[in-house]
Amino acid sequence: QVQLVESGGGLVQAGGSLRLSCAASGRTFSSYYMGWFRQAPGKEREFVVGITRNGVSTYYADSVKGRFTISRDNAKNTVNLQMNSLKPEDTAVYYCAGRQPGASRFDYWGQGTQVTVSS
């Protein structure tokens, strides 16, 4: 099992940047496909970005492509999300999530961190 704890959320003006971090416990972190999701008020949770176990491949939602960058450090059990050129529509609770090898959905979730972008 793995436990995930996000940090780095906050309030930022449109056009600004934030860096989210997700710290994972457990010795199997490097075997997990990791992702970030977000949920805005009144909306369903949506996929933002994913990264493969070795960090070589990444997948971005069209809405964040070119502005957000995901990275991971398996030695430190962390996955980060650098968010640039933030827009008010990026306002949401952001969740870190992990998916076990062979699983069809994400098994493990953090508690979420609030990101608010003011116009």
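The structure this text deals with has already been given above.
Presented here is an overview of the structure given in this document. (Residues numbered from 1 in each chain as written. Predicted model: local features only at pLDDT ≥ 70, side-chain atom pairs only at ≥ 80, totals over all residues. Heavy atoms only, no water.)

### Looking at the nonpolar core
Of all hydrophobic cores here, the largest spans 29 residues; its most connected members are W36, V79, L81, M83 and Y94. In terms of residue count, strand β3 (residues 18–24) provides more of this core than any other element does, four residues in total. Apart from the residues lying within four places of it in its own chain, the contact partners of V79 are L20, S21, C22, F29, M34, W36, I51, I70, S71, R72 and C96. (Core = buried A, V, L, I, M, F, W, Y, C linked by side-chain atoms within 4.5 Å. Buried < 20%, exposed > 50% of the residue type's maximum accessible area, 1.4 Å probe, protein only. Helix = DSSP H or I, 4+ residues; strand = E, 2+ residues; numbered from the N terminus. Contact = heavy atoms within 4.5 Å.)

### Focus: unusual backbone geometry
If you check the backbone angles, N77 has positive phi at about 55 degrees while not being a glycine. Positionally, N77 belongs in the loop between β7 (68–73) and β8 (78–83). You can call N77 buried: its relative accessible area is 18%.

### A few points about the pattern of salt bridges
Scanning the entire structure with this criterion turns up four salt bridges. Between E46 and R38 there is a salt bridge, with the nearest N and O atoms lying 2.6 Å from each other. Its salt-bridge partner being D62, residue K65 comes within 3.0 Å of it at the nearest N-O pair. In this structure D62 comes out as exposed when scored by relative accessible area, which is 65%. Among the ionic contacts, a cluster of salt bridges with common partners joins R38, E46, R67 and D90. (Salt bridge = Lys/Arg side-chain N within 4 Å of Asp/Glu carboxyl O.)

### What about the packing of aromatic side chains?
Inspection of the entire model under this criterion finds six aromatic pairs. Considering the side-chain rings of Y33 and F106, the 5.9 Å spacing of their centres and the 55 degrees angle between planes classify their relative orientation as tilted. Separated by 73 residues along the polypeptide, Y33 in strand β4 (residues 33–39) and F106 in the loop between β9 (92–99) and β10 (108–109) bring together distant segments of the chain. In this structure Y33 comes out as buried when scored by relative accessible area, which is 13%. (Phe/Tyr/Trp six-rings, centres within 6.5 Å; stacked < 30°, edge-to-face > 60°.)

### Remarks on the pairing of strand β11 (residues 113–118)
The two faces of β11 differ: T113, V115 and V117 on one face are buried, but Q114, T116 and S118 on the other face are not. Inspection of the sheet shows strand β2 (residues 10–13) paired to β11 by four bridges, in the parallel sense. Residue L11 lies in a different strand from β11, and its bridge partner there is T116. (Pairing = 2+ DSSP bridges.)

### Thoughts on the sheet that holds β8
Strand order in the open sheet made by the four strands is β1-β3-β8-β7, with antiparallel pairing throughout. The sheet is open, and its two edges are formed by β1 (4–7) and β7, each paired on a single side. Neighbour-to-neighbour, the strand axes of this sheet turn through a mean angle of 15 degrees, independent of strand direction. Across six bridges, the pairing between β3 and β8 is antiparallel. Residue pairing across strands places L18 opposite M83, the latter belonging to β8. (Axes fitted to C-alpha atoms, helices over the stretch in contact; angles between N-to-C directions.)

### Regarding the environment of T58
Mapped onto the fold, T58 is located in strand β6 (residues 58–60). What makes T58 partly exposed here is its relative accessible area of 31%. A sequence separation of 39 residues divides T58 from A97, and the C-alpha atoms of the two residues are 14 Å apart.

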